[in-house]
Amino acid sequence: MCGICGFVGRADGKALRAMTRALQHRGPDGEGVWSDAAGRVHFGHRRLAVVDLACGAQPMKSRDGRFTIVFNGEIYNHRELRSQLEQQGSRFATDHSDTEVLLEGYRTWGAALQERLNGMWAFALHDSDTGETFLSRDRFGKKPLFYFERNGTFAFASELSALLLHPDAPGKRDIDERALQKYYAYGYIPAPLTLIRGVHKLPGGHSVTLAPAGVGSRSREWWRFVLEPENTPVDERLLDEELRHHLARAVGRRLIADVPVGVFLSGGVDSSAVAAFASTQLAKGSLSTFTIGFEEPSFDESAHAAQVAAHLNTRHQLRTLSMEKARTLLPEIASKLDEPMADSSLLPTHLLSGFAREQVTVALSGDGADELFAGYDPFLALRHAATYRRWMPRALHPAIAWAAGRLPVSHRNMSLDFKLKRTLRGLGVAESLQLPVWMAPVPPEALSELLGRSLDSEDVFSEAIQAWERSQGLDPVDRTVQFYSDLYLRDDILTKVDRASMMHGLEVRSPFLDKDVVDFARRLPSRLKCDGKQTKVLLKRALAPLLPAATLTRAKKGFGVPIGAWFKTGALTLEPAKAWNPRFAAARLAEHCAGRADERAYLWCEWVLSAWRGAQ
């Protein structure tokens, strides 16, 4: 795991070194820079040494000097690919560097290399014979890649802050209004947009090829998540075995490292599954698991994690904090955010990453399971939502939503009134907008007021509508899986985990996003994901031989923090004068503090944006 940067075009070594130094936290173990003989192609690299500690320094050149690469990530099937390449005549200078496998793989297969890779990556590779430069990002975009093309220069970096150090970069305060709309609507900024006009994120499953002159990039989508459920009769016990097989292999691949490896353990199904498969592949009692607990009961899951750890006989480590103590870290975390994102679980993820990094360099997580196997609460609400839409006259909906809005506000984690009000909000719009509006920090009717002009909801939520339309012909469960996998997983969950972990130089690996696991999940019929009464139907059944029954049956609990209560009590303050729309912010803050409305999502969204703008 590393940080990469570079550019094709004008500038000098000073700019390259500045960009590279800005990524030091992503790669504390080494630094390297390279420029081609003509002085037009420049690569920088910060290294977090995980595989091939002795010979994995970058930028790395092929044995014949033709190809040069900077690479951030891990390729879990690099040994198999190395063997295939050796059979086709490739020769390697390193013993087990996955970076060199990318160099030789590109020589042999070209851009088709991407389709053979099982892992997470963002890399840039220059071919001195053709003069082309090729950039690629993994299927779901687990590893970040920002870029801009301006004034005859194409520049890229793992983080926005490093990219903006290039002298041709757009101005820091040149806000992209369309990206701002989507930030308030989603709570994150979907690729390819960023909050800075002219700067883009390369979406997951995309690549870019630069012509020899370095001007005029060609971007293409090389992979897309497509659901293809197989509804033919099958012995479901065989599916249980197949899923266990894929997960065991996925975890085993991610345990391979030349540094200490541990597992994040919340006590929920997903992280417990990863810990269970890891514990069977390591010496008994040798697996390290890490949990952050909180003194506030409604936000604490540490007892569940301890139960799983005892069942699996792991070397379990717990750090318990008060939410008030954790809250004091928020300004520091926000100041380091590359771009604003309003997922409050960034705080506990940051704390957990720092705790784990004290003992390990790599941690495995359960990310991706909720999206692929239908684990979120809205999946259970789909059937009720359909019934409501079918039988409830639309003319009555505003009155019902108004009545629900009068319910007392609770700031407990995932409280009933919060879920009810959110659900009714989603039921007030077209079905294609139901999910994003359900989750929106600012609902469509308020977004125009906030930004001071009339907005088209279909434009603001265009990505969500596109995901809905792409899954036409599928049932509501799979259409919801498509939405979560296309947007929430890529642009919120994976972004959050990357930012929080790399602030500490910790590599986080996600077995559920293994290529084979994803292909298995794509083919599952929706009834084996959510049957209307239970989420993750097949996953939980397949895990029954490995985990305590209580772990598989308890209600899902998010990795939350009490931001609603913090704003109400003044423990977390928002200065309306510094908000994007001071009048809007003041009104929403007053309603929230008086207990007349729950504006936690908007207030947090605004607080993060204000902190990010101040940090500039």
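Residues numbered from 1 in each chain as written. Predicted model: local features only at pLDDT ≥ 70, side-chain atom pairs only at ≥ 80, totals over all residues. Heavy atoms only, no water.

> Explain the overall build of the chain to me, please; I cannot follow it from the model alone.
Secondary structure summary: the chain contains 27 helices and 17 strands in total. Taking 2.2 N^0.38 as the reference for a compact globule, 616 residues should give roughly 25 Å; the C-alpha atoms of the chain span a radius of gyration of 24 Å, in line with that estimate. Summarising the internal contacts of the chain: among those between residues at least 6 apart in sequence, 72% fall at separations of at least 24. Charge centroids of the chain, computed over 78 positive and 73 negative side chains, lie 2 Å from each other. (Helix = DSSP H or I, 4+ residues; strand = E, 2+ residues; numbered from the N terminus. Rg over C-alpha atoms; globule rule 2.2 N^0.38 Å. Contact = heavy atoms within 4.5 Å. Lys, Arg positive; Asp, Glu negative; His and termini not counted. Charge placed at Lys NZ, Arg CZ, Asp CG, Glu CD.)

> Looking at this model, I keep getting lost on the sheet that holds strand S2 (residues 30-35). Mind explaining?
Sheet strands pair by backbone hydrogen bonding; their relative direction is either parallel or antiparallel. Taken together, the 6 strands give an open sheet; going across it, the order is S2-S3-S1-S9-S8-S10, and neighbouring strands pair in antiparallel fashion. The outermost strands of the open sheet, each flanked by one partner alone, are S2 and strand S10 (199-201). On average, each strand axis in the sheet is tilted by 15° relative to the strand beside it, whichever way the strands run. With 3 bridges connecting them, strand S8 (residues 146-150) and S10 associate as antiparallel partners. Residue pairing in the sheet places Tyr 147 in a bridge with His 200 of S10. (Pairing = 2+ DSSP bridges. Axes fitted to C-alpha atoms, helices over the stretch in contact; angles between N-to-C directions.)

> Can you walk me through the sheet that holds strand S12 (residues 217-221) in this structure?
Taking strand neighbours across the sheet as the criterion, the 6 strands line up as S4-S5-S6-S7-S11-S12 in an open arrangement whose pairing is antiparallel. A strand with exactly one partner marks an edge of an open sheet, and here the two such strands are strand S4 (60-61) and S12. Bridge count between strand S5 (residues 67-75) and strand S6 (residues 119-127): 9 bridges; the pairing is antiparallel. Residue pairing in the sheet places Phe 67 in a bridge with Asp 127 of S6. Contacting S4, S5, S6 and strand S7 (133-137), helix H3 (residues 98-109) runs over the sheet at an angle of about 125° to S5.

> Before we go on, may I ask you to explain unusual backbone geometry in this structure?
Most of the time, phi is negative for any residue but glycine, and the peptide bond is trans. Of note, the bond from Gln 58 into Pro 59 is cis; its omega dihedral lies within 30 degrees of zero at -5°. Within the element layout of this structure, Pro 59 appears in the loop between strand S3 (41-47) and S4. The linkage connecting Ala 191 with the following residue, Pro 192, adopts the cis geometry, with an omega of 10°. Within the fold, Pro 192 resides in the loop between helix H6 (177-186) and S10. At Asn 313, a position not held by glycine, the phi torsion is positive, near 60°. By the element assignment, Asn 313 lies in the loop between helix H9 (302-312) and strand S15 (315-321). Of the residues examined, Asn 313 reaches a relative accessible area of 38% and is grouped as partly exposed. One non-glycine residue, Ala 374, adopts positive backbone phi at about 65°. Along the chain, the position of Ala 374 falls in the loop between helix H13 (369-372) and helix H14 (377-391). (Buried < 20%, exposed > 50% of the residue type's maximum accessible area, 1.4 Å probe, protein only.)

> Quick question: what am I supposed to make of empty space enclosed by the protein here?
It is the rolling of a water-molecule-sized probe over the atoms that shows where space remains empty. Evaluation of the coordinates by the stated rule reveals 8 cavities of 30 Å³ or more. In this model, the second largest cavity occupies a volume close to 90 Å³. Every residue lining the second largest cavity is counted, 13 residues in all, and those nearest its centre are Lys 142, Lys 143, Val 497, Asp 498 and Val 508. Every element with two or more residues in the lining of the second largest cavity is listed here: helix H21 (476-502) and strand S17 (507-509). The greatest single-element share of the lining of the second largest cavity, amounting to 5 residues, is contributed by H21. Residue classes in the lining of the second largest cavity are distributed as 6 nonpolar, 2 polar and 5 charged. (1 Å grid on protein atoms, 1.4 Å probe; cavity = no way out; pocket = protein on both sides within 12 Å on 5 of 7 lines; lining within 4 Å. Points joined across faces, edges and corners; volume = space filled by probe spheres on them. Nonpolar A, V, L, I, M, F, W, Y, C, P; charged D, E, K, R; others polar.)

> Would you explain the pairing of S15 in this entry?
A regular strand places its side chains on the two faces of the sheet in alternate fashion. In the sheet, strand S14 (residues 288-294) pairs with S15 via 7 bridges, with the strands oriented parallel. Along S15, the bridge assignment pairs Gly 293 with Thr 320. Following the backbone out of S14, through H9 and into the adjacent parallel S15, one traces a crossover that is right-handed. (Right-handed = clockwise from strand over helix to strand, strands pointing away.)

> What should I look at first to understand the state of the cysteines in this one?
As used here, a disulfide is simply a covalent bond connecting the sulfur atoms of two cysteines. This structure, assessed with the given rule, holds 0 disulfides. This cysteine, Cys 605, is not joined by any disulfide, and Cys 593 carries the nearest cysteine sulfur, 17 Å off. The buried category is assigned to Cys 605, whose relative accessible area is 0%. (Disulfide = S-S within 2.5 Å.)

> What am I meant to see in the pattern of salt bridges here?
When their charged atoms lie close together, side chains carrying opposite charge are able to pair. Applying the stated rule across the entire model yields 44 salt bridges. Notably, a salt bridge pairs Glu 463 with Lys 182, separated by 2.9 Å at the nearest N-O pair. Taken together, the residues span a long stretch of sequence, with Glu 463 in helix H20 (residues 462-470) and Lys 182 in helix H6 at a distance of 281 residues. The class of Glu 463 is buried, set by a relative accessible area of 16%. Overall, Lys 182 belongs to the buried group, its relative accessible area being 0%. Ionic contacts of the salt-bridge type, sharing partners, join the residues Arg 26, Lys 143, Glu 159, Asp 498 and Arg 499 into one network. (Salt bridge = Lys/Arg side-chain N within 4 Å of Asp/Glu carboxyl O.)

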